[in-house]
Amino acid sequence: MRISVIGCGYLGAVHAAGMAELGHDVIGIDVDAQKIAALARAEAPFYEPGLPELLRAHRSRLLFTTDVAAARDARVHFIAVGTPQRHDSPAADTRFVDAAVDALLPYLAPGHLVVGKSTVPVGTAERLAARVRPTGARLVWNPEFLREGRAVDDTLHPDRLVYGVDGDDETSVALLDAVYAAPLAAGTPRMVTDLATAQLVKTAANAFLATKISFINAMAEVAEASGADVTQLADAIGLDARIGRAFLNAGLGFGGGCLPKDIRAFRARGDELGVGEALSFLGEVDSINLRRRTRVVDVLEHELGPLIGRRIAVLGLAFKPDSDDVRDSPALAVVQLLRERGAVVVATDPVAIETARLRDPLPTYVETVEQALDGAEAVVLATEWAEYRGLDPVVAGSGVANRLVVDARNALDVDRWREAGWVVRGLGRAHASRVEDPRSVQREPEHAAERQPDHV
Ligand code: UDX
């Protein structure tokens with residue numbers, strides 16, 4: 001089938017490539033000419049494992065353009081543009097979704113289907129469906145649940161497919177079933193519901209995930225105060241099948257282009273609908289999450305004293321491993337908080353240095369872990385990339401000025417690092433934090449220059 005995908009960002013580019021993998025002819029459309037040029041060369045405009053391979057493998061079935069008129073050849077049109085947080089309020093900015101549908105209207109005809117994938121405030125799809133209807137085309141809301149870093153697999157093998165249908169519309173359901181014939185044949189559960197429920201499924205799922213992370217981070221605060229270990233607590237409660245261990249990793253909390261802005265937008269929409277009280281807990285979820293960032297800096301200050309001029313290595317800038325996305329990244333926030341307290345921050349990441357530099361050009365970014373560790377008085381593990389989890393603590397210890405590591409993702413093997421002479425501070429791990437290792441050496445920085453605030 002010939003389909004178009006409007007919006008070629010983290011969601012749309014992967015969706016376009018995924019649809020080509022499913023055997024469809026795909027027209028990817030975006031207003032960003034640079035992004036389109038990269039995709040047309042079969043290059044991914046951002047880091048996403050597996051995406052370059054798909055783009056190269058299906059070059060003949062993928063056309064990328066900035067011209068929305070190219071959508072006229074398609075029968076199914078996916079809307080995959082962003083819904084960022086508004087600048088003037090916590091609500092979602094749906095202007096791009098509106099603009100995408102408006103741009104598409106002249107090319108719609110009876111028998112066409114517009115499929116909304118963007119995360120939108122409930123009520124948006126109903127408004128868009130009314131605009132589409134006069135063209136004879138129909139609209140279905142089909143939220144996307146893909147995770148960055150695993151987006152290709154999530155697109156090709158989704159947990160579930162949800163179709164929110166405008167009234168009684170079996171034709172659209174059948175058409176979308178034809179698009180997703182391969183995952184459906186593989187047994188992917190598919191649920192048909194109304195527009196409002198489909199939109200809410202996505203926001204509710206993200207709100208639940210954010211709440212789960214903030215719940216365990218609240219427990220981390222209690223663990224720190226009471227002498228408990230939150231990672232063992234998570235293991236133990238996670239064994240209860242009703243709770244489950246997934247998304248109970250305490251640490252620096254959630255970030256990225258989805259969870260933070262989605263819970264804020266959901267709360268704002270709840271206020272508009274007159275059910276603000278029902279969603280007020282999301283404000284606490286947000287606060288708990290943001291407190292983790294300051295907590296990391298407080299732990300360092302507790303260990304080192306005032307941070308002015310102290311050289312701190314930060315490992316990780318992306319909001320999570322296997323991504324170069326630094327939108328609302330907890331790691332980048334820690335870099336900024338450390339700099340505000342006068343620390344000399346040297347930060348690195350396997351793939352996110354360029355995206356971090358675009359967002360904040362001021363910190364010192366270095367390419368390698370060795371450069372970051374060189375002369376550091378403390379190390380912060382801020383994003384749990386596999387290569388950081390697997391660091392050899394003996395080798396890592398040879399370059400630093402002081403063997404102190406704050407494991408802000410609770411990802412390191414504490415015993416191994418201790419054996420190599422490191423003081424390891426976790427988040428929510430009072431036991432791991434309290435025990436001082438006698439072999440750890442608290443040395444003064446060797447170079448006076450390293451004590452100067454970082455004004456790069
Ligand atoms: C999320 C949803 O998972 C996905 O279904 C939706 O489509 C988009 O938003 P994503 O933003 O890619 O996906 O990342 P996710 O894997 O959910 O992680 C979000 C954040 O939570 C990351 O910063 C991650 O480090 C953090 N996290 C995750 C934790 O702090 N603890 C955990 O246990 C899990």
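Since we're looking at a predicted model, the values are computed, not measured.

Peer 1: When you look at the sheet that holds strand β3 (residues 62–65) in this model, what are you seeing that I'm missing?
Peer 2: Working definition: the strands of a sheet are paired by backbone hydrogen bonds and lie parallel or antiparallel to each other. With mixed pairing, eight strands are arranged side by side in an open sheet as β3-β2-β1-β4-β5-β6-β7-β8. Among the strands making up the open sheet, the edge pair consists of β3 and β8 (190–194). The mean inter-strand angle of the sheet, taken between neighbouring strand axes irrespective of direction, is 25°. Where strand β1 (residues 2–6) meets strand β2 (residues 25–29), five bridges bridge the pair, whose relative direction is parallel. In the sheet register, Val 5 faces β2, and the bridge partner there is Gly 28. In the packing of helix α2 (residues 33–40) onto the sheet, the strands contacted are β2 and β3, and the crossing angle to β3 comes to about 160°. With respect to the sheet, helix α5 (residues 124–132) is in contact with β5 (113–116) and β6 (138–141), its orientation differing from that of β6 by roughly 160°.

Peer 1: Just checking my understanding: could you explain the sheet that holds strand β12 (residues 378–381) for this structure?
Peer 2: Strand order in the open sheet formed by six strands is β11-β10-β9-β12-β13-β14, with parallel pairing between adjacent strands. If you trace the sheet from one side to the other, it starts and ends with β11 (364–365) and β14 (423–426), each paired once. Pairing of β12 with strand β13 (residues 404–407) involves three bridges; the strand directions are parallel. When the sheet's bridge partners are listed, Val 379 is paired in β13 with Val 405.

Peer 1: I tried to follow helix α13 (residues 330–340) on my own but got confused; where do I start?
Peer 2: Helical periodicity: at 3.6 residues per turn, an α-helix aligns residues three or four positions apart in one direction. Counting buried residues along α13, eight of its eleven residues qualify, which places the element largely inside the surrounding structure. Every buried residue of α13 is listed here: Pro 330, Ala 331, Leu 332, Ala 333, Val 334, Val 335, Leu 338 and Arg 339. At its buried positions, α13 is contacted by α12 (281–304), β9 (311–315), β10 (344–348), α14 (353–359) and β11. Where α13 begins, the capping side chain belongs to Ser 329, and its oxygen is found 3.2 Å from the backbone nitrogen of Ala 331. Positive backbone phi, approximately 90°, marks Gly 342, located one or two places after α13.

Peer 1: How should I be thinking about the site of the ligand in this particular structure?
Peer 2: The environment of the ligand is formed by 20 residues, the closest being Phe 145, Leu 146, Glu 148, Asn 249 and Lys 320. The backbone of Asn 249 places a nitrogen or oxygen atom 2.8 Å from an oxygen atom of the ligand. Take the shell around the ligand: its biggest share by element is four residues, from helix α9 (residues 195–226). Residues that form the shell around the ligand fall into these classes: ten nonpolar, four polar and six charged. Taken domain by domain, the makeup of the shell around the ligand includes at least three residues from each of domain 1 (2–188) and domain 2 (194–456).

Peer 1: How should I be thinking about the domain arrangement of the protein chain in this particular structure?
Peer 2: How big an interface is tends to be stated in terms of accessible area lost as the parts join. For the protein chain, the assigned domains are domain 1 (2–188) and domain 2 (194–456). Put simply, the middle of domain 1 and the middle of domain 2, counted by C-alpha atoms, are 33 Å apart. Tallying the contact residues gives 33 residues for domain 1 and 25 residues for domain 2. Summed over both partners, the interface of domain 1 with domain 2 comes to about 2400 Å²; 62% of that surface belongs to carbon and sulfur atoms. Taken together, domain 1 and domain 2 are joined by one salt bridge.

What counts, and where the lines are drawn
- Residues numbered from 1 in each chain as written.
- Predicted model: local features only at pLDDT ≥ 70, side-chain atom pairs only at ≥ 80, totals over all residues.
- Heavy atoms only, no water.
- Pairing = 2+ DSSP bridges.
- Helix = DSSP H or I, 4+ residues; strand = E, 2+ residues; numbered from the N terminus.
- Axes fitted to C-alpha atoms, helices over the stretch in contact; angles between N-to-C directions.
- Contact = heavy atoms within 4.5 Å.
- Buried < 20%, exposed > 50% of the residue type's maximum accessible area, 1.4 Å probe, protein only.
- Polar contact = N/O pair within 3.5 Å; in protein donor to acceptor, adjacent residues only side chain to side chain.
- Near = heavy atom within 4 Å.
- Nonpolar A, V, L, I, M, F, W, Y, C, P; charged D, E, K, R; others polar.
- Domains from an automatic or database assignment.
- Buried area = accessible area lost by both parts, 1.4 Å probe.
- Salt bridge = Lys/Arg side-chain N within 4 Å of Asp/Glu carboxyl O.

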